[in-house]
Amino acid sequence: MAQLNTPRQTSRLTLREYEASDLDGLTSLYSREDVNRYLYSEPKNKDQMRSVLEAKLNRPREIIDKNVMPVAVVLRDTNRLVGDFMLRWTADQHRQGEIGGSLHPDFQGQGLAVETYAELLEIGFSDFNLHRIFGRCDGRNSASIRALEKVGLQREAHLIENEFVKGEWTDEVVLAIRRNQWLARQIAPQN
Amino acid sequence: MPTNHGHYDAVAGDFERVLLGVAIDQWVLPTPCDEWTTRQLSCHVIETHRRALSMLHRSPFHEVSESDDVVEAWRAVSGRVLEARDDPALASRLVSGMGRDQNFASLVEGLLTFDTLCHNWDLARATEQDETLNALAVAYAHEALEPVSDALRGSGNYGPALEPAPGASAQTRFLNFTGRHV
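About the criteria used
- Residues numbered from 1 in each chain as written.
- Chains lettered and ligands numbered in written order.
- Predicted model: local features only at pLDDT ≥ 70, side-chain atom pairs only at ≥ 80, totals over all residues.
- Helix = DSSP H or I, 4+ residues; strand = E, 2+ residues; numbered from the N terminus.
- Rg over C-alpha atoms; globule rule 2.2 N^0.38 Å.
- Contact = placed C-beta atoms within 7 Å.
- Nonpolar A, V, L, I, M, F, W, Y, C, P; charged D, E, K, R; others polar.
- Axes fitted to C-alpha atoms, helices over the stretch in contact; angles between N-to-C directions.
- Parallel < 35°, antiparallel > 145°, perpendicular 65-115°, else oblique.
- Buried ≥ 20, exposed ≤ 12 C-beta atoms within 10 Å, placed from the backbone.
- Pairing = 2+ DSSP bridges.
- Core = buried A, V, L, I, M, F, W, Y, C linked by C-beta atoms within 7 Å.
- Expected span 1.5 Å × (residues − 1).
- Arc of directions from axis to C-beta.

This next bit is on the overall build of chain B. For chain B, the helix and strand inventory stands at eight helices and two strands. For chain B, whose C-alpha radius of gyration is 16 Å, the value lies close to the compact-globule estimate of 16 Å for 182 residues. Counting only C-alpha atoms and orienting by the principal axes, one finds that chain B spans roughly 45 × 40 × 30 Å.

The structure is reproduced here in structure tokens:
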């Protein structure tokens with residue numbers, strides 16, 4: 001159930017599982033300094049990305065609880081990998097999910113992150129029957145925060161200096177949307 | 001995985017109770033929804049359900065006819081909605097034409113719940129019945145709809161929100177939010 005066995009299509013994007021041929025696309029994304037700025041990670045070269053991709057490809061298929069679904073985001077017109085996103089969820093009584101990801105800077109500013117997040121919410125609420133889906137961003141990452149707000153997540157918390165990352169104390173913003181709020185958006189689309 | 005049907009069952013049951021409480025001579029009374037009589041408002045709720053079912057089954061939609069018994073028509077349509085929602089194959093089927101494309105279960109848990117809840121109050125008010133709505137459903141709907149307030153009003157679903165009086169109950173605050181004078 002909880003797989004992207006069938007790729008999902010949005011107006012401009014295909015959301016699908018990772019393939020071995022995605023190594024160059026992933027490297028193009030995560031070798032960049034700016035993509036890693038608000039992540040825990042440092043820029044990685046192709047060799048380093050190979051093990052990251054292998055982990056995505058070889059993850060256990062049958063883990064139910066606290067699973068992570070890596071999502072390769074591909075621009076359909078050009079078949080180029082433009083984003084690495086994920087939906088993580090718990091199948092316990094709490095029914096919580098988390099969405100997040102990185103979009104290649106060459107493709108930012110076109111609403112592609114919003115398009116991706118909207119589809120991830122659809123999967124989380126509709127297919128996985130989750131109750132609440134949240135996102136976590138570095139407090140300085142205003143582009144990601146804005147994209148999550150556009151699909152209806154609301155700020156729940158701004159944690160101040162809750163983590164020490166890359167030599168400095170950083171803030172974390174937590175945003176979330178609950179199931180009923182998402183259902184209401186299905187009646188009255190906002191974007 | 002646990003499932004969640006939201007508040008539809010309770011809201012549908014309450015709507016049936018208020019329909020049963022409408023006296024025979026009350027079906028022509030005006031309602032808080034200015035353009036509708038009590039019968040027309042009830043038919044609107046029934047027809048919203050019928051529309052959802054016709055989209056689900058890709059079958060023709062029929063308005064409630066003059067000769068139909070409103071209570072019977074409601075029982076039939078809400079029963080069919082519940083049946084479909086509890087059938088996993090139908091519940092997960094995508095329905096187009098009522099807001100965004102969404103599966104039938106979401107339509108029941110969202111639109112049909114919100115719509116039936118609000119009109120329950122309208123009908124109770126118009127026929128001088130107990131106006132108390134299910135408190136959990138009120139909280140659920142208010143919390144859900146508040147973030148999409150502008151879009152709801154833009155689409156003509158709700159009138160302008162009213163400022164609740166100080167100390168107003170949660171139900172009154174919700175009804176004021178939907179533009180209803182309480």
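This part covers the interface of chain A and chain B. With 19 residues of chain A in contact, the opposing surface of chain B contributes 22 residues. The element contributing the most residues to the side of chain A that touches chain B is helix H6 (residues 179-187) of chain A, with eight residues. Here the residues of the side of chain A that touches chain B are counted per class, giving six nonpolar, ten polar and three charged.

The next thing to look at is the packing of helix H2 (residues 38-57) of chain B against helix H5 (residues 104-126) of chain B. Residue and element names in this part refer to chain B. Across the interface, H2 lies against H5 with an axial gap of 9 Å and an inter-helix angle of 170°. The angle between the axes of H2 and H5 places the two elements in the roughly antiparallel class. Of the residues in H5, those in contact with Thr38, Leu41, Ser42, Val45, Thr48, His49, Ala52 and Leu56 of H2 are Phe104, Leu107, Leu112, Asp115, Thr116, His119, Asp122, Leu123 and Ala126. Here the contact of H2 with H5 is built from residues that sort into nine nonpolar, six polar and two charged.

Attention now goes to unusual backbone geometry. Residue and element names in this part refer to chain A. Despite not being glycine, Arg95 shows a phi value in the positive range, around 50°. With respect to the helices and strands, Arg95 occurs in the loop between strand S4 (80-89) and strand S5 (96-103). Of note, Asn129 is a non-glycine position whose phi angle comes to about 60°, a positive value. With respect to the helices and strands, the residue Asn129 is situated in the loop between helix H4 (112-127) and strand S6 (132-138). For Asn129, a count of 17 C-beta atoms within 10 Å corresponds to the partly exposed category.

Turning to the packing of H6(A) against H5(B), a few remarks are in order. With their axes 9 Å apart at the nearest point, H6(A) and H5(B) run at an angle of 90° to one another. With respect to their mutual orientation, H6(A) and H5(B) come out roughly perpendicular. Within the contact between the two elements, H6(A) uses A:Leu183, A:Ala184, A:Gln186 and A:Ile187 and H5(B) uses B:Ser106, B:Glu109, B:Gly110 and B:Leu111. Of the residues assigned to the contact of H6(A) with H5(B), the class counts are four nonpolar, three polar and one charged.

Next up on the list: the pairing of S5(A). All names here are of chain A. Pairing of S4 with S5, which is carried by seven bridges, proceeds in the antiparallel orientation. In the strand pairing of S5, Leu87 is matched with Ile99. Note: S5 against S6, three bridges, orientation parallel. Pairing of Glu98 across the sheet is with Phe134, part of S6.

With that out of the way, let us pick up the sheet that holds strand S1 (residues 8-9) of chain A. All names here are of chain A. Here eight strands make up an open sheet; going across it, the order is S1-S2-S3-S4-S5-S6-S8-S7 and the pairing mixed. Single-partner strands in this sheet number two, and they are S1 and strand S7 (154-165). Pairing between strand S3 (residues 67-75) and S4: nine bridges, direction antiparallel. Counterpart to Asn67 in the pairing with S4 is Trp89.

Once that is clear, we can look at the environment of B:Thr113. Residue and element names in this part refer to chain B. Within the secondary structure layout, Thr113 lies in helix H5. Judged by the 25 C-beta atoms lying within 10 Å of it, Thr113 falls in the buried class. If we ignore the near neighbours within four places in the chain, the residues touching Thr113 are Gly6, His7, Tyr8, Val11, Val108 and Ala137.

Looking now at the nonpolar core. Counting 88 residues, the largest nonpolar core has A:Val71, A:Val73, A:Tyr117, A:Leu120, A:Leu121 and B:Ala141 as the members making the most contacts within it. Ranked by the residues each element gives to this core, the list is headed by H5(B), at 13 residues. When sequence neighbours within four positions are dropped, the list of residues in contact with A:Val73 reads A:Leu13, A:Leu15, A:Val82, A:Gly83, A:Phe85 and A:Thr116.

Residue and element names in this part refer to chain B. If you check helix H3 (residues 70-85), its first and last C-alpha atoms are 22 Å apart, about what 16 residues at 1.5 Å a residue would give, namely 22 Å. Those residues of H3 that sit buried are Ala73, Trp74, Val77, Ser78, Val81, Ala84 and Arg85. End-on, the buried residues of H3 take up no more than an arc of 120°, which puts them together on one face. Exposed and facing more than 90 degrees away from the buried side of H3 are Glu72, Gly79 and Glu83. On its buried face, H3 sits against helix H1 (8-20), H2, helix H4 (88-91) and H5.

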